[in-house]
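Listed below are the residues making up each chain.
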Amino acid sequence: MNITEVVKNLIRFIFALSPYYWVDHYYKQREKNYHPESSEWQALRDKRLFLSEFYIVSWLFLSAGLLVSTFFYHLPGWIAVLALFRILGIINKEIGVILFGICKITEGAAISATGRVIVLAIVNYITAMLLFSTVYQIIGVFEEVPDYLLGGLHLIGFIEAVNIHFTLSGPFDPANVTTWLLVSAQGMFCFAFGTIVLSLFVSLLNVKPLKA
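Basis of the calculations
Residue numbering note: each chain is counted from 1, following its sequence as written. This being a predicted model, a pLDDT of at least 70 is required before a residue's local features are given, and a value of 80 or more before pairs of side-chain atoms are given or counted; all residues contribute to the totals for chains, interfaces and linings. Each side-chain value is derived from all of the structure's non-hydrogen atoms; neither hydrogens nor water enter the calculation. Per the convention used, a helix needs a DSSP run of H or I reaching at least four residues, while a strand needs a run of E reaching at least two, with both numbered from the N terminus. Burial here depends on accessible area, computed with a 1.4 Å probe over protein chains only, as a share of the maximum for the residue type. Under 20% is buried, over 50% is exposed, and the range in between is partly exposed. Every accessible area reported is derived by Shrake-Rupley at a probe size of 1.4 Å, with residue values counting cover from the shown protein chains alone.

Visitor: Can you break down the overall build of the protein chain residue by residue, with the values?
Guide: Helix and strand counts for the protein chain stand at 7 helices and 2 strands. In the protein chain, the succession of α and β elements from N to C terminus is α-α-α-α-α-β-α-β-α. Taking all 212 residues of the protein chain together, 38% fall into the buried category. Of the roughly 12,300 Å² that the protein chain leaves accessible, carbon and sulfur atoms contribute 68%.

Visitor: Talk me through unusual backbone geometry; I want residue IDs and the actual numbers.
Guide: Negative phi characterises most residues that are not glycine, and trans characterises most peptide bonds. The phi dihedral of Glu37 is positive, around 75°, even though this residue is not glycine. Here Glu37 is to be found in the loop between helix H2 (19–31) and helix H3 (39–72). What makes Glu37 exposed here is its relative accessible area of 60%. The backbone of Leu168 shows a phi angle near 60°, a positive value even though the residue is not glycine. Exposure remark for Leu168: the relative accessible area of 52% places this residue in the exposed category.

Dropping the structure here:
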């Protein structure tokens, strides 16, 4: 058994659960009807690139809207499940791109980091932070929360997610197993995603030796 192929197929399977995959797959199949680099082919490729960016940015605004909603309403648990599924999709796609060159528009091509790739990666990172915030707000339970955070807007989950996302350390201790698992999952996400983004930044560097 080839463990690399198993991991690659698992990444492809998770990616295929996304509605974006099927829309992009439709246009990818249409591309095959035209000669590469022709005007018709390029128009479809541009549409695929636009859909990719639209999907990523739409999730950013949707995650922000969900978080704001938790400040005023108690959202159902299935929204937390949806948020976690999207977080899984984000890290799955990024790992697929970095390790195997899959789950992207030009699947199989050599990875070449650009400003666009870096910006979209940062957008995904912020989206994940907002989604983790939403999950904490809905199902998270924490111990020893200061009194000044118990009144007014319910910001405990948001503060927890922001701190972990940028410091890898949460200000509040989990009060149950579910919350502990969520905090651990966010820490692992940040570690994995941080490694990916660092590799992208390094690939953008043009390091030249100093002249003697």
